[in-house]
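Notes for the structure review
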Amino acid sequence: MKLFGNKNGPAPEAPAVTENAVLNALRGVIDPDLHRDIVELGFIKDLNIHEGTVGFTVELTTPACPVKEKLKSQAHDLVAVIPGVTQVDVHMTAQVRQSMDPWSQRAPVPGVRNIVAVASGKGGVGKSTVAVNLAVALARQGARVGLMDADIYGPSIPMMMGAQDAHVMGDAEGHIMPLEAHGVKMVSIGFILGENAPVVWRGPMVGKAVTQLVRECVWGELDYLIIDLPPGTGDAQLSLAQSVPVSGGVIVTTPQDIALLDATRGLSMFREVKVPVLGIIENMSYFACPHCGEKTNIFSHGGGREAAERMKVPFLGEIPLDVDVRIGGDTGMPIVAAKPGSPQAVAFMELASKVAAAASIAAMDLHVQSEGFIPLNTLVGPRAK
C-alpha cells in the first residue's frame with residue numbers, strides 16, 4: 001500500500017514570459033555610441049512571445065555598426081536567463097535615420113538621409129582616395145551610397161572609380177541620372193564635360209555647379225551621400241553648406257605640421273557654417289615594409305590624433321601609405337574592392353564604420369537638442385553660434 005504520494009508534488013508550470021520582462025531585460029544593452037539602452041532608442045521591433053520562445057528584431061541606425069555582433073550577443077544572453085524562456089531568436093537589421101537639423105532652412109535632398117562632406121585644408125593629402133574608399137566600404141557593408149565629385153576644376157572621381165570614359169545622361173525633365181560603379185552611385189563634372197575639358201569658370205559658376213550636381217541628380221534612396229570637396233575653403237564649400245543640409249564633415253590630413261595647420265582651417269570652416277565635425281582622418285600615416293613589416297613614419301606620425309584632441313573632435317583612424325592604394329586609384333579599382341582582405345582595405349572598412357557611427361551620433365544629437373535635452377555626445381563638433 002502506498003502511504004505517501006510523490007514528495008516533490010506535480011511539476012510546477014513554467015512562468016509566463018511577459019513583454020515587460022523582455023523589454024526590462026533588454027534595457028541592459030547599451031549602445032556604446034549613443035550611450036542609451038536599445039529600448040529607449042527604439043531599436044526593438046517585432047517583439048513576439050510564444051510560450052517559451054522569444055523573438056525580436058534589433059534595428060540599428062547603420063548597417064556599418066562595428067559592434068553589431070556584440071549587441072546581438074548581449075541581447076540574446078539577457079533575455080535567455082528570464083524565467084520561462086526556452087529559446088531566443090534575435091534578428092539584426094538597420095535603418096539609417098534621416099539627419100534633420102531643426103534649425104536649418106536648407107531643404108533636404110530627396111531620398112538622401114545623410115550627406116557627409118570629405119574635406120582637406122590643402123591638396124595632396126589623399127582626400128579623394130579617402131572619399132572613394134569610404135563610399136565603397138560603406139556600400140560593401142550594406143548601405144545605399146552615393147558619391148559626388150565637388151571638385152569642379154580637378155575632378156578625379158571618374159578615373160578613381162574606373163569610369164573616366166563614361167558620360168551621364170539626363171531624364172525627360174533634364175535631371176542628371178547618376179552612373180554606378182562598385183555598388184556606388186556617382187556624379188562628377190567630369191562625366192558632363194569630359195575628362196580632359198578645362199573648366200575656366202569664376203567662383204559663382206563653381207558654386208552654382210556644385211549645387212546643381214547635388215540637387216538636380218536623381219539619387220534615389222541613399223543612406224549616405226559622400227561629397228568629395230576640393231581642397232581649401234572656397235566657393236564650393238560655402239555653396240554646399242548654404243544649399244544643402246550637410247550631416248557632418250570629415251577632415252583628411254597627413255601628419256606633417258603644414259598639413260595639420262591647413263586641416264585646422266578646414267575644421268574651423270565647418271564650424272563657421274554650422275556643420276558638425278565627425279572627425280579627423282590621418283592619411284599616409286606610416287609606411288609598412290611589405291617584406292619585413294617595419295613601419296616608417298615618412299611624414300611624421302600622430303599629428304592627426306593630436307589635432308583631434310586639441311580641437312575636441314573624434315580621431316577616426318590612421319590610413320597607411322601603400323603602393324596598392326595608389327595603383328587602385330589610378331586603375332579605377334579602389335583598394336577596398338580590389339584587395340578587400342588587405343590591411344589597407346581593413347583600415348578603410350573600420351573607418352567607414354566609425355564615420356557611420358559618428359553620423360548617427362550627430363543625427364541623434366540634433367534630435368536631442370530639438371527636444372530640449374542635453375546633447376548625447378559632446379565629442380561631435382559643437383554647433384557654431
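Residues numbered from 1 in each chain as written. Predicted model: local features only at pLDDT ≥ 70, side-chain atom pairs only at ≥ 80, totals over all residues. Heavy atoms only, no water.

1. Regarding helix H7 (residues 235–243)
Helical geometry: 3.6 residues make up each α-helical turn, so side chains three or four residues apart lie on a common side. Turning to H7, its buried residues number three or more, namely Ala236, Gln237, Ser239, Leu240, Ala241 and Ser243. At its buried positions, H7 is contacted by strand S4 (115–119), helix H6 (203–215), strand S10 (224–228) and helix H8 (257–272). (Buried < 20%, exposed > 50% of the residue type's maximum accessible area, 1.4 Å probe, protein only. Helix = DSSP H or I, 4+ residues; strand = E, 2+ residues; numbered from the N terminus. Contact = heavy atoms within 4.5 Å.)

2. Describing the sheet that holds strand S1 (residues 44–50)
Reading across from one edge, S1-S2-S3 is the order of the three strands in this open sheet, with mixed pairing throughout. Both edges of this open sheet fall to S1 and strand S3 (87–94), since each of them pairs with a single strand only. Across the sheet, the mean angle from the axis of one strand to that of its neighbour is 10 degrees, orientation sign disregarded. Two elements, S1 and strand S2 (residues 53–60), share five bridges in a ladder whose sense is antiparallel. Directly across from Lys45, in S2, lies its bridge partner Thr57. Helix-sheet contacts for helix H1 (residues 19–26) involve S1 and S2, and the interaxial angle to S1 is about 135 degrees. Seen against the sheet, helix H2 (residues 68–80) touches S2 and S3 and runs at an angle of roughly 150 degrees to S3. (Pairing = 2+ DSSP bridges. Axes fitted to C-alpha atoms, helices over the stretch in contact; angles between N-to-C directions.)

3. Considering the packing of H8 against helix H9 (residues 303–311)
At a minimum axis separation of 11 Å, H8 and H9 run at an interaxial angle of 35 degrees. Crossing of H8 over H9 shows right-handed handedness. Of H9, the residues touching H8 (which contributes Leu260, Thr264, Leu267, Ser268 and Arg271) are Gly303, Gly304, Ala307, Arg310 and Met311. Its residues placed into classes, the contact of H8 with H9 shows four nonpolar, four polar and two charged. (Left-handed = near helix turned anticlockwise from the far one by under 90°. Nonpolar A, V, L, I, M, F, W, Y, C, P; charged D, E, K, R; others polar.)

Spatial relationships are all this shows, so hold off on functional conclusions.
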